[in-house]
Protein chains: 4
Amino acid sequence: MYEYNVTVRFNDCDSMGHVNNTAYFTYFEEARKDIFKLFNPALDIDAWNLIVASTQCDFVNEMNYAQKVSVYTWISRVGTSSFTVEHAIQDDEGRWTARGKAVLAGYDFAERKTVPISEPAASELALHQEGPENVPELRG
Amino acid sequence: MYEYNVTVRFNDCDSMGHVNNTAYFTYFEEARKDIFKLFNPALDIDAWNLIVASTQCDFVNEMNYAQKVSVYTWISRVGTSSFTVEHAIQDDEGRWTARGKAVLAGYDFAERKTVPISEPAASELALHQEGPENVPELRG
Amino acid sequence: MYEYNVTVRFNDCDSMGHVNNTAYFTYFEEARKDIFKLFNPALDIDAWNLIVASTQCDFVNEMNYAQKVSVYTWISRVGTSSFTVEHAIQDDEGRWTARGKAVLAGYDFAERKTVPISEPAASELALHQEGPENVPELRG
Amino acid sequence: MYEYNVTVRFNDCDSMGHVNNTAYFTYFEEARKDIFKLFNPALDIDAWNLIVASTQCDFVNEMNYAQKVSVYTWISRVGTSSFTVEHAIQDDEGRWTARGKAVLAGYDFAERKTVPISEPAASELALHQEGPENVPELRG
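Criteria and cut-off values
Residues numbered from 1 in each chain as written. Chains lettered and ligands numbered in written order. Predicted model: local features only at pLDDT ≥ 70, side-chain atom pairs only at ≥ 80, totals over all residues. Heavy atoms only, no water. Helix = DSSP H or I, 4+ residues; strand = E, 2+ residues; numbered from the N terminus. Rg over C-alpha atoms; globule rule 2.2 N^0.38 Å. Buried < 20%, exposed > 50% of the residue type's maximum accessible area, 1.4 Å probe, protein only. Contact = heavy atoms within 4.5 Å. Areas by Shrake-Rupley, 256 points an atom, 1.4 Å probe, with all protein chains shown as cover. Lys, Arg positive; Asp, Glu negative; His and termini not counted. Charge placed at Lys NZ, Arg CZ, Asp CG, Glu CD. Buried area = accessible area lost by both parts, 1.4 Å probe. Salt bridge = Lys/Arg side-chain N within 4 Å of Asp/Glu carboxyl O. Polar contact = N/O pair within 3.5 Å; in protein donor to acceptor, adjacent residues only side chain to side chain. Least-squares fit on C-alpha atoms with pLDDT ≥ 70 in both. Axes fitted to C-alpha atoms, helices over the stretch in contact; angles between N-to-C directions. Parallel < 35°, antiparallel > 145°, perpendicular 65-115°, else oblique. Nonpolar A, V, L, I, M, F, W, Y, C, P; charged D, E, K, R; others polar. Phe/Tyr/Trp six-rings, centres within 6.5 Å; stacked < 30°, edge-to-face > 60°.

S.K.: Sorry if this is basic, but what is going on with the overall build of chain A here?
M.R.: Looking only at helices and strands, chain A has 3 helices and 6 strands in total. Each helix and strand of chain A, ordered N terminal to C terminal, gives the series β-α-α-β-β-β-β-β-α. In terms of overall dimensions, chain A is globule-like: its C-alpha atoms have a radius of gyration of 15 Å, near the 14 Å expected for 140 residues. Within chain A, the fraction of its 140 residues that count as buried is 59%. Sequence separation of at least 24 residues holds for 65% of the intrachain contacts in chain A that already meet a minimum separation of 6. For chain A, the accessible area works out to roughly 5800 Å², and carbon and sulfur atoms hold 45% of it. Taken as two groups, the 12 positive and 21 negative side-chain charges of chain A have centres that lie 4 Å from each other.

Here it is in structure tokens:
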């Protein structure tokens, strides 16, 4: 399981006074940095080799400006050319604020086509299959 | 079916040179403006009465800076206190670039609780159940 | 003078219920699209040749969700390798909401150095030196 | 002098592969959090009492995805109802990447008018007038 800690920015919040729904996906994207490094250790933009095929999020509780939250990330599936990443966000009082997932695929941007997940990356991903305790189920 | 037209902003794109995954959700949010008006005709922020319970998106094709795209939006379910909105984005060459959905709930922000969908709103939503032809299925 | 029309997005606004200060700069960036086309007619990201050297904005009045505003843009200086762009935003009731400017420089991203403004681009920019009437002065 | 440390998000960067000009202003906004707390210790959105009157930034060097940078913030002027905040960003290699400032004003959002800076806040601000050594001058 990977853990990413983020402090809510003023500009992540919308007129309802809470984090806008789109910013949850930005937090998920940042939480995948350790996974990006498996595929691209220097995080070199010109050598990028993953795309997001789909993503979703259940909004469980609000998050507020300046709040510190943790995004937990784990792997629920590793396929030939894609894998599924699970996310859950917990606030500094232990409340779950979000539950999401994303399907990522290996991708060759020059050739514009999906490519297989390498064996070392697949093996490393397989070591991160366990999520946090008491995490909410995705609603579907 | 509702239609919302948007031109991709420079700042909607990320270092891959295409619209970032989070901006698709911003486009969906703007595409729901006609629905927001059903519940809040003046779009008065202080009288806001809807929340996003969950949302998802399949990324079908890339979108580029300055490209004009259309977001089609329709209703697939109206429940007691929530309803499901379907979205699909088509670019100016007729290609589908995204397929998504969102569950919205009636919400009382002062009381912090969900509230029923009014009969007039439910009836109006029911008039928008048809999506565009040949739209991709959500992957699940 | 160039004119760019934009409708405020929900997600451009922050918890004060108005457009966040950073989104004004996004509107300015979009308003420069006609200028970008002078230097890069197809707006090809891989052939980009301008950078922002500095930018500023006076915030004159608030803008709200779904409001339609116009960004007026004109040129106050054309130098050897840089030029100064002036911006002013007016809302749908004729109120000025912002006054800003940006210094842009010709740039070779491969060589990472500034380059001269071509004569045709400089001549075209010189045709757009007039701003709107009654526009507020920049505060400095 | 205040110091705020931030790690560049993937979504802060644009198609040039570097932090977009608007995100610098988001970093400045976060860097003002300690100042916000002077005026609103709990950072309560419903009791907000400052507005940004103007802001500007010189872009000195690029910043990249995942880079850790520090925003230094100090006070150059305290007036009756407004004050001037200076900002400078330094990357993890000691390079200056940006130099900016913002004018903030005391504001009563209910009455929609500027209000005086309280004596305790003014005194506290006056303790933070020194900036970092060797910081670039603002270009104008």
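S.K.: Can you walk me through the interface of chain A and chain B in this structure?
M.R.: By convention, interface size is frequently given as the accessible area that disappears when the constituent parts associate. Contacts between the two partners involve 25 residues from chain A and, on the opposite side, 25 residues from chain B. Both faces considered, chain A and chain B share a buried interface measuring about 2100 Å² in area, 52% of it formed by carbon and sulfur atoms. Counting every contact that joins chain A to chain B gives 2 salt bridges. Salt-bridge contacts for Glu-62 of chain B lead to Arg-112 of chain A; the nearest nitrogen and oxygen are separated by 3.2 Å. Counting across the interface, chain A meets chain B through 12 residue pairs in polar contact (both at pLDDT 80 or more).

S.K.: So what exactly am I meant to see when it comes to the relation of the copies chain D and chain B here?
M.R.: Copies of the same chain, two in number, are related to each other by a rotation about an axis and a translation along it. Rotating chain D by 180° and moving it 0.0 Å along the rotation axis overlays it on chain B with an RMSD of 0.0 Å. Expressed as an axis order, the relation between the two copies is that of a two-fold axis. Mapped onto chain B, 100% of the interface residues of chain D again fall at the interface, so both copies present the same surface.

S.K.: Looking at this structure, I do not really get the relation of the copies chain A and chain B. What am I missing?
M.R.: Mapping chain A onto chain B calls for a screw motion: a turn of 180° about the axis and a shift of 0.0 Å along it, with 0.0 Å RMSD after fitting. A shared binding surface is used by both copies, with 100% of the interface residues of chain A retained as interface residues in chain B.

S.K.: It is not clear to me how the packing of helix α1 (residues 21–31) of chain C against helix α1 (residues 21–31) of chain D should be interpreted in this structure. Could you clarify?
M.R.: Each pair of packed helices gets described by two things: the angle between the helix axes and the distance between those axes. Between α1 of chain C and α1 of chain D, the shortest axis-to-axis distance is 9 Å and the interhelical angle comes to 170°. Taken as axis vectors, α1 of chain C and α1 of chain D run roughly antiparallel relative to one another. For the pair formed by α1 of chain C and α1 of chain D, the contact residues are Asn-21, Thr-22, Phe-25, Thr-26 and Glu-29 of chain C on the first element and Asn-21, Thr-22, Phe-25, Thr-26 and Glu-29 of chain D on the second. Of the residues assigned to the contact of α1 of chain C with α1 of chain D, the class counts are 2 nonpolar, 6 polar and 2 charged.

S.K.: What is the right way to read the interface of chain D and chain B from this model?
M.R.: Taken together, the contact between chain D and chain B spans 10 residues of the former and 10 residues of the latter. Counting each side, the surface lost to burial between chain D and chain B is near 790 Å², with a carbon and sulfur contribution of 48%. Area buried by chain D at its contact with chain B is led by Phe-10, Asn-11 and Ser-15 of chain D, which between them contribute 58% of it. At the junction of chain D and chain B, the tally comes to 0 salt bridges.

S.K.: Explain the environment of Arg-95 of chain B here, please?
M.R.: Residues and elements named next belong to chain B. Here Arg-95 shows up in the loop between β4 (82–91) and β5 (96–108). The exposure class of Arg-95 is partly exposed, given its relative accessible area of 31%. Expressed as a C-alpha distance, the spacing of Arg-95 and Arg-77, which sit 18 residues apart in the sequence, is 26 Å. Reaching out from Arg-95, the side chain makes a polar contact with the side chain of Asn-61 at a distance of 3.4 Å. Among the polar contacts made by the side chain of Arg-95, one reaches the main-chain carbonyl oxygen of Glu-62 at a distance of 3.4 Å.

S.K.: How should the environment of Cys-57 of chain B be read in this particular structure?
M.R.: Summarising the element assignment, Cys-57 of chain B is placed in strand β2 (residues 50–59). Sequence separation of Cys-57 of chain B and Gly-140 of chain B is 83 residues, and the distance between their C-alpha atoms is 9.7 Å. Residue contacts for Cys-57 of chain B: discarding those within four places in its chain leaves Ala-53, Ser-54 and Thr-55 of chain A together with Tyr-24, Phe-25, Phe-28, Ala-98, Arg-99 and Gly-100 of chain B.

S.K.: Whenever I open this one, the packing of aromatic side chains confuses me. Can you help?
M.R.: The description of an aromatic ring pair rests on the distance of the ring centres and on the angle between the ring planes. As enumerated under the stated definition, the model contains 42 aromatic pairs over all chains in all. When the ring of Phe-10 of chain A is compared with that of Tyr-65 of chain A, the centres are 5.2 Å apart and the planes differ by 85°; the resulting orientation is edge-to-face. Of the two residues, Phe-10 of chain A sits in the loop between β1 (2–7) and α1 (21–31) while Tyr-65 of chain A sits in the loop between β2 (50–59) and β3 (68–78), which places them 55 residues apart along the sequence. Of the two residues, Phe-10 of chain A and Tyr-65 of chain A, neither departs from the other in class, the shared state being buried. An angle of 5° between the planes, with centres 5.5 Å apart, marks the rings of Phe-39 of chain B and Phe-83 of chain B as stacked. Of this pair, Phe-39 of chain B sits in helix α2 (residues 33–39) while Phe-83 of chain B sits in strand β4; the two residues are 44 residues apart in sequence, bridging distant segments of the chain. Phe-39 of chain B sits in the buried class, given a relative accessible area of 15%. In this structure an aromatic cluster arises from ring pairing among Phe-10 and Tyr-65 of chain A together with Phe-36 and Trp-48 of chain D.

S.K.: Teacher, can you tell me more about the environment of Arg-77 of chain B here?
M.R.: Residue and element names in this part refer to chain B. Inspection of the secondary structure puts Arg-77 in strand β3 (residues 68–78). Residues Arg-77 and Phe-28, 49 residues apart in the sequence, show an inter-C-alpha distance of 17 Å. Not counting residues up to four positions away in its chain, the partners in contact with Arg-77 are Ser-82, Phe-83, Thr-84 and Val-103. A polar atom in the side chain of Arg-77 sits 2.9 Å from the side chain of Ser-82.

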